Amino acid sequence: MQMPEPDQGVIAAKSDIVEALRAIVPGEGVIVEEQELRAYESDGLTAYRQLPLIVVLPETTAQVSEILRCCQARGVKVVPRGAGTSLSGGALPLADGIILGLAKFNRVLEIDFDNRCAVVQPGVTNLAITTAVADQGFYYAPDPSSQIACTIGGNVAENSGGVHCLKYGLTTNNLLGLEMVLMDGTVLRLGGKHLDAAGYDLLGIMTGSEGLLGVVTEVTVRLLKKPETARALLLGFPTNEQAGDAVATIIAAGIIPGGMEMMDGPAINAAEDFVQAGYPRDVEALLIVELDGPQAEVDYLIGEVSKIAEAKGAVTSRISETEEERLIFWAGRKAAFPAVGRISPDYYCMDGTIPRARLPQVLKRMRELSEHYGLRVANVFHAGDGNLHPLILYDANKPGELEKAEDFGADILRLCVEVGGVLTGEHGVGVEKRDLMGTMFSEADLKQQQRVKCAFDPEALLNPGKVFPQLHRCAELGRMHISGGKLPFPDLPRF
């Protein structure tokens with residue numbers, strides 16, 4: 001596929017743009033050499049690649065403000081980027097735009113145990129927040145599988161979750177405040193250390209906005225006290241449908257585990273080969289259920305979950321007896337994505353969310369789709385909140401297999417919407433799901449969302465080409481004006 005023609009005027013003015021950016025960020029903070037730009041040509045969705053025009057790496061909020069003001073004056077598009085772990089193409093560059101990398105914003109600015117919060121820069125990794133407060137018995141709850149690498153700024157952009165989001169929520173539920181910079185250079189503060197902010201919920205609008213509204217330069221997050229006790233169960237089932245029934249029954253019983261994850265046979269075996277976590281290999285589905293809280297409560301709930309699992313046909317059951325054993329149970333699940341990479345040349349990681357009660361139906365239909373497309377699929381789910389991560393296995397070196405994997409993935413996402421779910425749980429829309437937005441939203445819905453985009457970024461310079469399948473002029477949407485038309489990336493080059 002061919003890329004649309006980039007803005008030749010911007011490309012012709014590259015030397016002027018570079019000079020202006022180097023006046024703002026001196027030294028090695030502006031990258032222009034092709035070999036160095038290669039490191040930024042894609043994010044975690046590596047099937048799509050594009051060299052950016054320029055990469056700039058600021059270190060201060062003032063520099064970010066100047067960069068955005070400079071780009072707006074020249075009509076230069078800007079793609080914000082954290083660690084580049086996005087799996088939906090959210091940080092895919094533009095040939096006529098700059099990458100605004102925030103890797104140098106990597107400091108923990110303040111830890112406030114009295115108010116149970118931490119103030120950090122957006123380039124701080126998710127896991128580093130917990131590491132910084134662990135000695136006092138605190139932690140940061142959202143824990144994506146990529147937490148060792150993904151940054152808190154990227155977590156805000158995608159509203160990331162993790163294996164413990166069932167009980168403790170997504171990023172949006174653990175976020176207290178933001179400092180952000182608009183495209184015109186204006187610096188705003190939303191929220192703070194207090195639990196709720198007055199006025200419109202702009203903090204909620206920014207969370208999950210995928211870099212379309214502003215650039216986050218500081219984040220205030222909620223800290224939680226580590227639970228007194230945490231124990232995990234490994235529950236093996238003969239079929240995926242039985243495991244899905246068990247998930248729905250546990251929640252229906254009023255039990256909210258700290259985490260409840262599900263893996264199918266291919267994922268189980270891949271993870272066990274990789275980590276040796278002690279997973280049973282003779283089952284089709286594995287549930288990892290963690291209970292946390294006061295010891296008496298945990299002991300009681302473990303008994304209740306065990307009874308439900310037995311009633312639903314569980315054939316194996318193990319309970320962690322030590323903290324080390326609990327962590328090894330989770331190590332296999334957290335390593336599932338790289339583990340699957342050992343059994344297939346390529347895989348396409350999906351992200352959709354469904355009502356929990358529809359899990360057996362969706363699993364059955366996904367198996368039928370796997371047979372239809374002739375592609376294997378390894379399933380890894382945040383089962384407790386219905387967030388599915390099917391990994392479609394393919395070989396990009398075989399002509400047509402990537403296209404089949406994409407079609408298979410699109411059918412899975414349509415299925416999620418069909419049963420009452422949504423297109424994404426935590427990976428975002430980016431370019432991956434952009435053209436499927438019409439399956440979930442009406443034209444009126446999409447126009448209303450774009451009015452929000454217009455209010456924050458009237459010239460549509462921040463991360464264009466993502467989320468919306470078509471860009472309407474702000475004048476068409478009411479009272480605002482932007483140059484517009486169709487967004488970049490109607491067709492994407494694949495590798």
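So, a few notes on the structure that sits alongside this text. Owing to the predicted nature of the structure, the values given are computational and were not obtained by experimental measurement.

Conventions we followed
- Residues numbered from 1 in each chain as written.
- Predicted model: local features only at pLDDT ≥ 70, side-chain atom pairs only at ≥ 80, totals over all residues.
- Heavy atoms only, no water.
- Helix = DSSP H or I, 4+ residues; strand = E, 2+ residues; numbered from the N terminus.
- Axes fitted to C-alpha atoms, helices over the stretch in contact; angles between N-to-C directions.
- Parallel < 35°, antiparallel > 145°, perpendicular 65-115°, else oblique.
- Left-handed = near helix turned anticlockwise from the far one by under 90°.
- Contact = heavy atoms within 4.5 Å.
- Nonpolar A, V, L, I, M, F, W, Y, C, P; charged D, E, K, R; others polar.
- Buried < 20%, exposed > 50% of the residue type's maximum accessible area, 1.4 Å probe, protein only.
- Polar contact = N/O pair within 3.5 Å; in protein donor to acceptor, adjacent residues only side chain to side chain.
- Pairing = 2+ DSSP bridges.
- Disulfide = S-S within 2.5 Å.
- Salt bridge = Lys/Arg side-chain N within 4 Å of Asp/Glu carboxyl O.
- Arc of directions from axis to C-beta.
- Core = buried A, V, L, I, M, F, W, Y, C linked by side-chain atoms within 4.5 Å.

Overview of unusual backbone geometry
A positive phi angle, near 60°, is found at Glu-210, a position not held by glycine. Mapped onto the secondary structure, Glu-210 falls in the loop between helix H8 (202-206) and strand E10 (215-222). The phi dihedral of Ala-460 falls on the positive side, at around 55°, and the residue is not glycine. Mapping Ala-460 onto the fold places it in the loop between helix H16 (443-456) and helix H17 (474-477).

A word on the packing of helix H9 (residues 240-252) against helix H14 (residues 359-373)
Geometrically, a packed helix pair is captured by the angle between its two axes and the distance between the axes. Look at H9 against H14: their axes get within 8 Å of each other, and the N-to-C directions meet at 155°. In terms of orientation, H9 and H14 fall into the roughly antiparallel class. Two packed elements cross with a definite hand, and for H9 against H14 that hand is right-handed. Facing H9, whose interface residues are Asn-240, Glu-241, Gly-244 and Asp-245, H14 presents Leu-359, Pro-360, Leu-363, Lys-364 and Arg-367. Its residues placed into classes, the contact of H9 with H14 shows 3 nonpolar, 2 polar and 4 charged.

Considerations on the side chain of Thr-207
Within the secondary structure, Thr-207 sits in the loop between H8 and E10. Exposure remark for Thr-207: the relative accessible area of 9% places this residue in the buried category. From its side chain, Thr-207 meets the backbone oxygen of Leu-203 in a polar contact 2.8 Å long. Filtering out sequence-adjacent residues up to four positions away, Thr-207 remains in contact with Val-156, Asn-159, Thr-171, Thr-172 and Leu-175.

Here's the deal with the pairing of strand E19 (residues 387-394)
With 8 of 8 residues buried, E19 lies mostly within the body of the structure. Both faces of E19 are covered, namely the face carrying Asn-387, His-389, Leu-391 and Leu-393 and the face carrying Leu-388, Pro-390, Ile-392 and Tyr-394. Pairing of strand E16 (residues 346-349) with E19 involves 4 bridges; the strand directions are antiparallel. The residue bridging Tyr-348 from the neighbouring strand is Ile-392, located in E19. Two strands pair when backbone bridges link them, and strand E18 (residues 377-382) and E19 are joined in this way by 6 bridges, in the antiparallel orientation. Looking across to E19, one finds that His-382 is bridged to Asn-387. Between E18 and E19, which pair antiparallel and follow one another directly, the connecting turn spans 4 residues, one of which, Gly-386, has a positive phi of 75°.

Here we look at the state of the cysteines
For the structure shown, the criterion picks out 0 disulfides. Note on Cys-70: no disulfide assigned, nearest cysteine sulfur contributed by Cys-71 at a separation of 5.2 Å. When its relative accessible area of 9% is taken as the criterion, Cys-70 is described as buried.

Some points on the pattern of salt bridges
Summed over the entire model, instances satisfying the criterion amount to 30 salt bridges. The closest approach of N and O atoms between Lys-193 and Glu-110, which form a salt bridge, is 2.6 Å. Here Glu-110 lies in strand E5 (residues 108-112) and Lys-193 lies in the loop between strand E9 (187-191) and H8, a separation of 83 residues in the sequence. Close ionic contact of Arg-231 with Asp-299 constitutes a salt bridge, the shortest N to O distance being 3.1 Å. Placement of the pair is Arg-231 in strand E12 (residues 229-237) and Asp-299 in helix H11 (residues 295-311), with a sequence separation of 68 residues. Overlapping salt bridges bring together Glu-34, Arg-38, Glu-41 and Arg-49 as one network.

Details of the pairing of strand E3 (residues 77-81)
Looking along a regular strand, one sees the side chains alternate between the two faces of the sheet. Counting buried positions over the 5 residues of E3 gives 5, a clear majority of the element. By the alternation rule, side chains of E3 split into Lys-77, Val-79 and Arg-81 and Val-78 and Pro-80, which are all buried. Two strands pair when backbone bridges link them, and E3 and strand E4 (residues 97-101) are joined in this way by 5 bridges, in the parallel orientation. Counted as the bridge partner of Lys-77 is Gly-97 from E4.

Points about helix H2 (residues 14-24)
Those residues of H2 that sit buried are Ile-17, Val-18, Ala-20, Leu-21 and Ile-24. Seen along its axis, H2 keeps its buried residues to an arc of 165°; they face one direction. Facing away from the buried surface of H2 by more than 90 degrees, the exposed residues are Ser-15, Glu-19 and Ala-23. Considering only its buried residues, H2 is in contact with helix H1 (8-12), strand E1 (30-31), strand E2 (54-56), helix H4 (61-74) and E4.

Focus: the packing of H2 against H4
Running from amino to carboxyl end, H2 crosses H4 at an angle of 160°, the nearest separation of the two axes being 10 Å. Between H2 and H4, the angle falls in the class roughly antiparallel. In the crossing of H2 with H4, the sense of the turn from one axis to the other is right-handed. Residues Asp-16, Ile-17, Ala-20, Leu-21 and Ile-24 of H2 form the contact with H4, whose participating residues are Gln-63, Glu-66, Ile-67, Cys-70 and Arg-74. Tallied by class, the residues present in the contact of H2 with H4 amount to 6 nonpolar, 1 polar and 3 charged.

Quick word on the sheet that holds E3
On the basis of which strands lie adjacent, the open sheet formed by 4 strands has the order E1-E2-E4-E3 and mixed pairing. Only two strands of the sheet have a single neighbouring strand rather than two, namely E1 and E3. On the sheet, H2 packs against E1, E2 and E4 and is oriented at approximately 5° with respect to E2.

Re the nonpolar core
Ranked by size, the top nonpolar core spans 83 residues in total, and within it Val-219, Met-262, Leu-287, Leu-291 and Ile-392 carry the most contacts. For this core, the element with the highest residue contribution is helix H15 (residues 401-418), accounting for 9 residues. Aside from chain neighbours lying at most four places away, what touches Leu-291 is Thr-229, Ala-230, Arg-231, Leu-233, Ile-255, Pro-257, Gly-258, Val-298, Leu-301, Ile-302 and Val-305. Of all hydrophobic cores here, the second largest spans 28 residues; its members include Ile-17, Val-25, Leu-461 and Leu-462.

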